[in-house]
Amino acid sequence: MNVKENTIEKVKCLIIGSGPAGYTAGIYASRANLNPVIIEGLQPGGQLTTTTEIDNFPGYPKGISGPVMMGELKKQAERFGCDCRWGIVSKSNLEQRPFRLTIDGKTEIEAESVIIATGATAKYLGLESEEKYKGSGVSACATCDGFFYRGKNVAVVGGGDTACEEASYLAGLCKKVYLIVRKDYLRASKAMQERVFNTQNIEVLFEHNTKELSGENGVEACTLIKKAGTSMEQEVKIDIDGFFLAIGHHPNSDVFKKYIDTDEQGYIITQAGTPITNVKGVFACGDVQDPNYRQAITSAASGCQAAIEAERYLAELN
Ligand code: NDP
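Now for a look at the structure at hand. (Residues numbered from 1 in each chain as written. Predicted model: local features only at pLDDT ≥ 70, side-chain atom pairs only at ≥ 80, totals over all residues. Heavy atoms only, no water.)

Here we take up a nonpolar patch on the surface. On the surface, a nonpolar cluster with roughly 310 Å² of combined accessible area is contributed by L42, W86 and I88. Along the chain, I88 turns up in the loop between β5 (83–85) and β6 (89–93). The class for I88 is partly exposed, based on a relative accessible area of 31%. (Patch = residues over 30% accessible without salt bridge, like charges linked within 9 Å, V, L, I, M, F, W, Y side chains within 5 Å. Areas by Shrake-Rupley, 256 points an atom, 1.4 Å probe, with all protein chains shown as cover. Salt bridge = Lys/Arg side-chain N within 4 Å of Asp/Glu carboxyl O. Helix = DSSP H or I, 4+ residues; strand = E, 2+ residues; numbered from the N terminus. Buried < 20%, exposed > 50% of the residue type's maximum accessible area, 1.4 Å probe, protein only.)

Spelled out as structure tokens, the structure:
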């Protein structure tokens, strides 16, 4: 069903985003009779729909594909009456209740409570070959996809904490891990750096930039440009099966920033251990408020918390 046009619809609980956080919030909110509406966003199902196999979500001993799992979560939310709609929130007015959200630049909805579950988008380098191999060698999540590269050679791009953490994680599974760093130093914390330097099967390639990926059946090699001396550049080719991006995420909070407190990277600030934001009646869950864990299971758990808090908030109001 598409968002109704030209009428101001009133809802008790509007959930924005449809990853594990959004759908879990939907399951809990609909079971609590909040008649929630989920605005699913551009990519219904969220980031997990771009993953192949999910082996670390409890309850699936044989693993499950990302799109199938998200389809099941959606069905579960709909089973209790959750109204899932395609659309994106293009504008928000969270100044006062009822909150007013604009969908796709044209339709307005008034909501007594809002749950923001818009996630965070992994940054990519923007190479054509990177796009070509997404899902067949290119990944932005080592915890999700690392298992498929057991005993193989992989590369991780980035020099921050995420890159070092992902490289260390992959080193436990893979034969060799190249860490491709564009500068001549790592930005990561000292502890993370030490972990990387002390891991034998991680090779750090400082001052290297990725030129392109190649391979007949998925990624088989990566061509790098190495800075040599002040103005000289040199091409280097490494044989790899997996290419992991760890150059940061962009939390999808821009449309709420006028009202909702965020940190300097844009992650929504919530009260510790809760989904409560600085605006009463607006809750945040999942990756949009979590720069640290970013797992489907932690997202789902915070979606549950957000729905419970929304229910409490609405009960107090009434
Ligand atoms: P960061 O922004 O800290 O680091 C991004 C890294 O990617 C930098 O090394 C940057 O290089 C590099 N990079 C960016 N763009 C490109 C590009 N186009 N080509 C090549 N390299 C590029 O992001 P993180 O995700 O690592 O961390 C985000 C936040 O989360 C940080 O505050 C971090 O401390 C925190 N975090 C904490 C963890 C923990 O405590 N366990 C674990 C993970 C994250 P350059 O340095 O040259 O700009």
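Let us now look at the pattern of salt bridges. Counted according to the given criterion, the structure contains 14 salt bridges. For E110, the salt bridge identified is with K10, shortest N-O distance 3.1 Å. Taken as a pair, E110 in strand β8 (residues 107–116) and K10 in strand β1 (residues 9–16) lie far apart in primary sequence, 100 residues in all. One salt bridge in this structure joins R312 and E309, with 3.5 Å as the shortest N-O distance.

Below, the discussion takes up the sheet that holds strand β16 (residues 232–239). The strand order across the open sheet built from 3 strands is β14-β15-β16, with neighbouring strands paired in antiparallel fashion. The open sheet has two edge strands, β14 (208–214) and β16, and neither has a second partner. The average undirected angle you get between the axes of adjacent strands in this sheet is 25°. The pairing of strand β15 (residues 221–228) with β16 spans 8 bridges and is antiparallel. Residue pairing across strands places C222 opposite I238, the latter belonging to β16. (Pairing = 2+ DSSP bridges. Axes fitted to C-alpha atoms, helices over the stretch in contact; angles between N-to-C directions.)

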